[in-house]
Amino acid sequence: MIDLKYLRDHPEVVRLSMRKRKHSGDEVDAVLSLDEEWRRLFTRQNNLRSEQKKRSEEIATRKRNKEDVTAEIVEMKELAQQVRELEVTLKEKEEALQGLLAKLPNLLHSSVPEGSDDSANLCLRSWGEIPSFSFTPLPHWELASRLKLFDLERGSKVAGSGFILYTGWGAKLERALINWMLDFHGRKHGYQEVFPPFVVNRETAFGTGKLPDFEGQMYTFTNADLFLNPTAEVPVTALFAGETLKAEELPLSYVAYTACFRREAGAAGKDTRGLLRVHQFDKVELVKFTRPEQSFAELETLVRDAEEIIQALELPYQVVELCGGDIGFGAAKAYDINVWAPGAGKWLEVSSCSNCTDFQARRLNTRFRNPESGKLEFVHTLNGSGVALPRTVAALLENHQQADGSVRLPPVLVPYMGVERITSA
RNA sequence: GGAUGGGUGGCCGAGUGGUUUAAGGCGCCGCACUUGAAAUGCGGUGGGCUAAAAGGCCCCGCGGGUUCAAAUCCUGCCCCAUCCGCCA
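Residues numbered from 1 in each chain as written. Chains lettered and ligands numbered in written order. Predicted model: local features only at pLDDT ≥ 70, side-chain atom pairs only at ≥ 80, totals over all residues. Heavy atoms only, no water.

A. Summary view of the packing of helix H7 (residues 168-189) against helix H10 (residues 295-312). It is the contact of H7 with H10, at a shortest axis distance of 11 Å, that shows an interaxial angle of 125 degrees. One element, H7, and the other, H10, form an angle in the oblique class. The hand of the H7/H10 crossing is right-handed. Only Asp305, Ala306, Glu308, Ile309 and Ala312 of H10 make contact with H7, whose side of the interface consists of Trp180, Met181, Phe184, His185, Lys188 and His189. When the residues that make up the contact of H7 with H10 are grouped by side-chain class, the tally is 6 nonpolar, 2 polar and 3 charged. (Axes fitted to C-alpha atoms, helices over the stretch in contact; angles between N-to-C directions. Helix = DSSP H or I, 4+ residues; strand = E, 2+ residues; numbered from the N terminus. Parallel < 35°, antiparallel > 145°, perpendicular 65-115°, else oblique. Left-handed = near helix turned anticlockwise from the far one by under 90°. Contact = heavy atoms within 4.5 Å. Nonpolar A, V, L, I, M, F, W, Y, C, P; charged D, E, K, R; others polar.)

B. Region of the structure containing unusual backbone geometry. Residues Leu250 and Pro251 are joined by a peptide bond in cis, for which omega reads 0 degrees. By the secondary structure assignment, Pro251 is in the loop between strand S7 (244-245) and strand S8 (252-261). The omega angle of the peptide bond from Gly386 to Val387 is 5 degrees, so this bond is cis rather than trans. Residue position: Val387 is located in strand S15 (residues 380-388). Even without glycine at this site, Thr357 takes up a positive phi of about 40 degrees. Its location among the elements puts Thr357 in the loop between strand S12 (346-355) and helix H11 (359-364). With a phi angle near 60 degrees, Asn365 is a residue other than glycine that sits in the positive phi range. Looking at where Asn365 falls in the secondary structure, it is placed in the loop between H11 and strand S13 (367-369).

Printed below as a string of structure tokens:
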């Protein structure tokens with residue numbers, strides 16, 4: 001949520017940010033005019049209530065003195081009716097205002113590049129060599145089929161297309177990657193491990209900015225007002241909703257594994273081969289709570305922490321900075337990590353790291369007391385994949401495939417897998 | 001899922017319709033006394049909205065309702081504890 005007071009005082013700044021996201025900016029004016037109307041009604045109601053309170057106290061005093069107050073009470077009924085009516089109008093305006101405000105995306109950081117889609121994203125750095133092969137590299141779905149790593153038909157049979165049944169070494173690789181990533185971020189980067197629920201309630205989905213606009217992306221239940229979480233970002237970021245964190249313990253860093261569920265409505269047929277786009281996938285997520293002045297520096301270390309995973313897996317990648325038109329709803333600034341997949345012949349997004357500044361914290365009401373000012377302030381929240389598994393598995397299989405049809409495992413995974421390569425045997 | 005008892009400020013806890021602007025205590029902060037500390041005394045000590053300010057309004061788990069007036073009465077929901085049932 002954007003700070004309404006900030007929007008009031010700096011409408012032009014907000015408008016420019018909206019335009020950078022390729023919105024019209026008209027939403028800002030709609031908010032401003034509703035806000036003005038709301039404040040007018042609020043002041044009126046405030047004054048009426050004040051009068052109501054004073055006169056009620058008078059009635060109380062006179063009643064104690066055994067005076068007759070019938071006439072006053074008749075007058076007060078009229079006043080109470082006015083207050084009630086105004087209250088209803090006020091509530092309608094307030095809900096409309098909050099509704100508009102809740103749909104405004106976060107303010108972009110000034111460093112975010114201009115552009116309307118991913119073609120305008122800025123490549124910041126790359127790592128690793130694009131591998132060359134003495135043979136034609138196979139796409140991961142071919143490799144998986146030969147090595148029996150997953151079974152798309154049976155996954156589809158029990159749940160539907162886009163739900164993967166991992167088998168044999170494929171199943172073990174999935175588990176190994178999850179365990180290794182959790183251990184790696186915990187030991188090497190000091191993230192605290194949590195294992196959150198895979199479902200979240202409405203407040204949590206709203207607080208992290210997934211509602212009201214992205215309800216269609218989440219799986220829901222017909223017998224409970226819950227959502228299957230689309231990413232561990234959602235439950236973990238909401239961990240301290242309504243709480244005040246201690247300034248001295250910030251930044252707080254968490255690492256969490258969850259399965260992630262996305263309907264991917266309307267995405268059918270686009271990059272859907274094999275593991276490229278699925279409805280359920282595993283992901284290890286990094287989440288940070290920081291003081292405002294730390295958050296952009298923490299975003300840099302967050303993305304580096306995610307990069308180290310890809311480096312340890314010996315996969316070539318690039319880090320891109322998202323442009324205004326491509327950046328997520330809650331983010332002020334974001335980086336993606338794209339890994340090269342030589343079999344599929346494309347870059348695969350395996351991580352997205354965002355600084356959501358105070359946007360989620362304001363919705364969730366997660367604050368800290370600033371020791372310098374003595375005031376309560378919203379924390380900044382950050383999240384990043386560290387990393388998402390299916391496309392990482394795809395890239396790993398494709399990059400490390402050998403002429404003999406086996407797949408070499410990077411050394412970090414050997415202790416978790418118990419073998420140095422995956423073979424069909 | 002059922003039954004019972006609970007949910008009041010940082011914490012404990014009083015309060016069953018109107019001097020409650022939420023008693024009292026603990027904790028914390030400041031000051032005084034003291035060589036220092038303890039003890040003691042005095043004062044202060046939540047959040048939000050609105051307003052240029054003074055001020056005003058809202059918040060006793062959350063939402064509705066009754067009333068001139070609600071922490072207090074009614075109602076729906078949530079959470080905690082205990083017991084029962086079911087269950088990995």
